Amino acid sequence: MTIERRDITFPSGDSYAAAWLFLPDRGSSGAPAPAVAMAHGLGAVKEMYLEFFARRFAEAGIAALLFDYRYFGASGGEPRQRVSPHDQIEDYRSALTCLSLRPEVDADRLGVWGTSFSGGHVLHVAAYDPRVKVVVSQVGAMDVNEIMHATATPEIRATLEQMTVQERIRRATEGGEIYIPNTLSPGQSFAFQPDPESYEFAHKAQATVAPSWRDEVTMSSLEAVLEYAPARSIDLIAPRPLLMFLAKSDPIAPPETIRAAFARAGEPKRLVEVEGTHYSVYLEAAEETSRGAVEWFTEYLNP
């Protein structure tokens, strides 16, 4: 099947998001296709192994809009490298608007797909945006504060809380943004994502497929991320179909947090547990997770 990839932009907030639109071969009828909006995780850009998934969707007859959030990658917006769950959720909803206005797309058959941090975004979007007909969440962040309480010592939590307070004071007195590393390089003492897996994954991607990725985020991102808990709305998604993936050895999106969120969701729903750690879903387990997502979207987005 011939898959067309177009470079497009769409308005979001007071700026724009840059995206790749993957269009399936619609055959001789030229009938509008169902479509999925999709984006990456925390501090990542669209080039970081997500084209594989978008092409799989398009091969199955489902258009895919893969975008960079504002402040990241090829998208607009200032300050650069700011992680704002609120703004990223708005980017998802703007992506749905973009899809609904395109003649190649059936506006009544739209879905959302998210992974890692955006695996939480899509739960919130699906809970509140009636245009979403089906949702897939892959190794998603369910409740960051809950994860912190389960995995970090009281001393570390207290330090992070104090850092958010100090950053508020600094911004009030000095203004502007300061930057911290996104991933923890050897020899560093602090980073937004301190685990070695995140460093290895991101820097390998930067060296091979994603040269635009930058290993920094704004310090002000920390507070917004620590209070983020999208799974609290998961019970509002039903009766729209929900597919969730977890990685059994995932220290970043702990399996028990995804299982607990899934238990609160209404039907129809399905939970798939794959072998490996957080980043396995982009590499070793990508075939399994993409196939499962294709089957879910095909079942529920086809007329």
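Refer to the structure presented above.
As the structure is a computational prediction, the values presented were derived from the model and not from experiment. (Residues numbered from 1 in each chain as written. Predicted model: local features only at pLDDT ≥ 70, side-chain atom pairs only at ≥ 80, totals over all residues. Heavy atoms only, no water.)

Participant: Go over helix α5 (residues 154-173), please, and point to the residues and values.
Facilitator: In this model, α5 (20 residues) spans 29 Å end to end at C-alpha, consistent with the 28 Å of a helix rising 1.5 Å per residue. Taken residue by residue, α5 has Arg157, Leu160, Met163, Thr164, Glu167 and Arg170 as its buried positions. When α5 is viewed along its axis, its buried side chains cluster within an angular range of 145° and face the same direction. With respect to the buried face of α5, the exposed residues turned more than 90 degrees away are Pro154, Glu155, Arg168, Ile169, Ala172 and Thr173. Where the residues of α5 are buried, they touch α4 (144-151) and α7 (221-226). Positive phi shows up at Gly175, right after α5, with a value of about 75°. (Helix = DSSP H or I, 4+ residues; strand = E, 2+ residues; numbered from the N terminus. Expected span 1.5 Å × (residues − 1). Buried < 20%, exposed > 50% of the residue type's maximum accessible area, 1.4 Å probe, protein only. Arc of directions from axis to C-beta. Contact = heavy atoms within 4.5 Å.)

Participant: Explain the sheet that holds strand β9 (residues 242-247) residue by residue, including any values.
Facilitator: Strand order in this open sheet of eight strands is β1-β2-β4-β3-β5-β6-β9-β10, and the pairing throughout is mixed. Lying at the two open borders of the sheet, with one neighbouring strand each, are β1 (4-12) and β10 (269-274). Ignoring strand direction, the axes of neighbouring strands in this sheet form an average angle of 20°. Two strands pair when backbone bridges link them, and strand β3 (residues 33-39) and strand β5 (residues 105-115) are joined in this way by six bridges, in the parallel orientation. Across the sheet, the residue bridging to Val36 is Gly111, located in β5. Along the sheet face, helix α1 (residues 51-59) touches β1, β2 (15-23), β3, β4 (63-67), β5 and β6 (132-138) and points at about 50° away from the line of β2. (Pairing = 2+ DSSP bridges. Axes fitted to C-alpha atoms, helices over the stretch in contact; angles between N-to-C directions.)

Participant: Help me get a handle on unusual backbone geometry, residues and values and all.
Facilitator: Pro79 follows Glu78 through a cis peptide bond whose omega is 0°. Mapped onto the secondary structure, Pro79 falls in the loop between β4 and α2 (85-100). Positive phi, normally seen in glycine, also occurs at Tyr71, with a value near 80°. Position of Tyr71 relative to the elements: it lies in the loop between β4 and α2. Note on Tyr71: relative accessible area 4%, which makes it buried. Positive phi outside glycine occurs at Val139, with the angle close to 40°. Within the element layout of this structure, Val139 appears in the loop between β6 and α4. Val139 sits in the buried class, given a relative accessible area of 0%.

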